[in-house]
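Okay, here's what each chain looks like letter by letter:
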Amino acid sequence: MFSRIFGKPKQEPNALATLDKLNETLEMLEKKEKVLLKKAAAEVEKAKELTKAKNKRAAIQCLKRKRLYEQQIEQLGNFQLRIHDQMIMLEGAKATTETVDALRTGAAAMKAMQKATNIDDVDKTMDEINEQTENMKQIQEALSAPLGAAADFDEDELEAELEELEGAELEEQLLQPATTAPAAPVRLPAGRQPAHKVEDEDDELAELQREMAL
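Here's a quick rundown of the structure. These numbers come from a predicted model, not from an experiment.

Under the defined criterion, the tally for this structure stands at 4 salt bridges. Put simply, Glu98 and Lys94 hold a salt bridge, and the shortest N to O gap is 2.6 Å. Note that Glu98 and Lys94 are positioned in helix α3 (residues 56–116) at a spacing of 4 residues, about one turn of the helix. Since its relative accessible area comes to 44%, Glu98 is described here as partly exposed.

The next thing to look at is a nonpolar patch on the surface. Together, Ile119, Val122, Met126 and Ile129 make up an exposed nonpolar region whose accessible area comes to about 350 Å². Its location among the elements puts Val122 in helix α4 (residues 119–144). Judged by relative accessible area, which is 37%, Val122 ranks as partly exposed.

Before going further, it helps to spend a moment on unusual backbone geometry. Positive phi outside glycine occurs at Lys54, with the angle close to 65°. Tracing the chain through its elements places Lys54 in the loop between α2 (15–52) and α3.

We now examine the nonpolar core. In summary, soluble globular proteins display a tendency toward joint burial of nonpolar side chains. With 12 residues, the main nonpolar core is built from Leu19, Leu22, Leu26, Leu29, Leu36, Ala40, Tyr69, Ile73, Leu76, Ile83, Met87 and Leu90. Beyond its immediate stretch of four places on either side in the chain, Tyr69 contacts Leu36, Lys39, Ala40 and Glu43.

Conventions we followed
- Residues numbered from 1 in each chain as written.
- Predicted model: local features only at pLDDT ≥ 70, side-chain atom pairs only at ≥ 80, totals over all residues.
- Heavy atoms only, no water.
- Salt bridge = Lys/Arg side-chain N within 4 Å of Asp/Glu carboxyl O.
- Helix = DSSP H or I, 4+ residues; strand = E, 2+ residues; numbered from the N terminus.
- Buried < 20%, exposed > 50% of the residue type's maximum accessible area, 1.4 Å probe, protein only.
- Patch = residues over 30% accessible without salt bridge, like charges linked within 9 Å, V, L, I, M, F, W, Y side chains within 5 Å.
- Areas by Shrake-Rupley, 256 points an atom, 1.4 Å probe, with all protein chains shown as cover.
- Core = buried A, V, L, I, M, F, W, Y, C linked by side-chain atoms within 4.5 Å.
- Contact = heavy atoms within 4.5 Å.

Structure, rendered in structure tokens:
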């Protein structure tokens, strides 16, 4: 009932449908223009024939009809120009609308992503990562630390004891008797007697070793 009183609500025109309608109208105007051009050319031919036939009045009537056709052709040309202008404006508006829609969609997506990852959540996540890293370091240090009685040993005392052992080992090596190889026979020149110097040195070395052993 209300639709009968107030009429049907107007629907928003679709850009593609409007462009299609403008294209159809443009094609129709171009066809009419071609028909009028043919009619105008035909009137010119008739006027030429009537002029040859000395029928001046009829020839003038043909030229009048030709001018009427030309006026309609000019009018159709203006219509086509307006339609072209409207199509260009509509295509530009369509491109602008699509661009704005795309930008609006991108802004909404960006807003949604920012809402999902706000700065507080990022700070909280980084704090958790740092805390977990510090806990892992403490766990690794705890696992590498000595356990039980070994944890109470003093490293300085152990190093001092090691130095004492090394000193004792060196002293023991110095106190061990030296092994002497048998002396090779020495050939003396003829007429000289062999000296007992080597035997005396061996006796002195043995005596020194006995004193060090005491």
